[in-house]
Amino acid sequence: MGVTIWIVPPKPIREALENRIMTIRPHSKRPLNPSTYPRFTPHISLAALGPNTSIPLEKLRAAIPKDTPPTRATFASIEVGDHFFRSVYAAIKPSAELLKLHKRVHDALGLTPRTPKYPHVSLAYIVDEDAGEREAYLQALKDAGVIREEGDRVSIQCGEDGGWVDGFDVKEIWIAKCDGPVEEWEILDRLTL
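The structure presented is a predicted model; accordingly, all values stated were derived computationally and were not measured. (Residues numbered from 1 in each chain as written. Predicted model: local features only at pLDDT ≥ 70, side-chain atom pairs only at ≥ 80, totals over all residues. Heavy atoms only, no water.)

(A) Representation of the environment of Val121 in the model. Structurally, Val121 is set in strand β5 (residues 120-124). On the basis of relative accessible area, Val121 is assigned to the buried category, the value being 1%. Expressed as a C-alpha distance, the spacing of Val121 and Leu141, which sit 20 residues apart in the sequence, is 15 Å. Not counting chain neighbours up to four residues away, the residues in contact with Val121 comprise Pro42, His43, Ile44, Tyr89, Ala90, Ile92 and Phe168. (Helix = DSSP H or I, 4+ residues; strand = E, 2+ residues; numbered from the N terminus. Buried < 20%, exposed > 50% of the residue type's maximum accessible area, 1.4 Å probe, protein only. Contact = heavy atoms within 4.5 Å.)

Structure follows, in structure tokens:
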């Protein structure tokens, strides 16, 4: 996949997503592909550079606007997707601020956007051959009572001390090298806005 630039939730939300939400599994009796349900850091892919792009790390850092205004990522819905990297995800409302940040980063790097369903936070990566597992995972989240859908908003039980949150403030952007198996991805840098 190459290098990607991620918006990551603040640490308490990120850890709650990783350790409480993303570890839920449906009651399945059949064996799954070993690549299904890898551990990964929850994130919004802000830019995906592709495997053959060679932009120096310093230029990637410089592409993150230092004057980014306070930006909120608000959950809109929980969706089942049709791609490994969008198996089950929290769709984020595409606010003007998030769209502007996306455009500014791509313009600074001279790239055409390759971020389908921007913005979203994946909750699980599930291999296509595991038919029905994506829907089963979403149902398991509902059965566990960790997502609440209210009209055009969603809350996830991933706040501190198990509280409900409807999104998060954008404060950190990470640069990650996403080559090889998901669990071997490498964080190259962490930037605070």
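(B) Representation of the side chain of His106 in the model. Its location among the elements puts His106 in helix α3 (residues 96-109). Polar side-chain contacts of His106 include one of 2.8 Å to the backbone oxygen of His102. (Polar contact = N/O pair within 3.5 Å; in protein donor to acceptor, adjacent residues only side chain to side chain.)

(C) How the structure looks around the sheet that holds strand β10 (residues 186-192). Judged by pairing direction, the sheet is antiparallel, and its four strands sit side by side in the order β2-β1-β9-β10 without closing on themselves. The outermost strands of the open sheet, each flanked by one partner alone, are β2 (44-48) and β10. Taken over all neighbouring pairs, the strand axes of this sheet differ in orientation by 25° on average, direction set aside. The sheet contacts of α3 involve β1 (2-8), β2 and β9 (172-178), and relative to β2 the element is tilted by about 25°. (Pairing = 2+ DSSP bridges. Axes fitted to C-alpha atoms, helices over the stretch in contact; angles between N-to-C directions.)

(D) Examining helix α4 (residues 133-144) more closely. End to end, α4 covers 16 Å across twelve residues, agreeing with the expected 16 Å (1.5 Å per residue, within 8%). Those residues of α4 that are buried are in contact with α1 (11-21), β3 (72-80), β4 (88-92), β5 and β6 (147-150). Note on α4: the residue one or two positions beyond its end, Gly145, has a positive phi of about 70°. (Expected span 1.5 Å × (residues − 1).)

(E) Spatial organisation of the pairing of β4. Most of β4 is tucked away, with five of its five residues classed as buried. Going residue by residue along β4, you find Val88, Ala90 and Ile92 tucked away on one face and Tyr89 and Ala91 tucked away on the opposite face as well. Note that β3 and β4 share five bridges and pair antiparallel. Residue pairing across strands places Val80 opposite Val88, the latter belonging to β4.

(F) Examining the layout of surface pockets more closely. A volume near 300 Å³ is recorded for the largest pocket. Elements that contribute at least two residues to the lining of the largest pocket include exactly β1, β2 and β5. Split into classes, the residues belonging to the lining of the largest pocket amount to ten nonpolar, seven polar and two charged. (1 Å grid on protein atoms, 1.4 Å probe; cavity = no way out; pocket = protein on both sides within 12 Å on 5 of 7 lines; lining within 4 Å. Points joined across faces, edges and corners; volume = space filled by probe spheres on them. Nonpolar A, V, L, I, M, F, W, Y, C, P; charged D, E, K, R; others polar.)

(G) Quick look at the environment of Pro31. When you line up the elements, Pro31 lands in the loop between α1 and β2. Sequence-wise, Pro31 and Ile92 are 61 residues apart; in three dimensions their C-alpha atoms are separated by 32 Å.

Distances and angles like these do not, on their own, reveal function.
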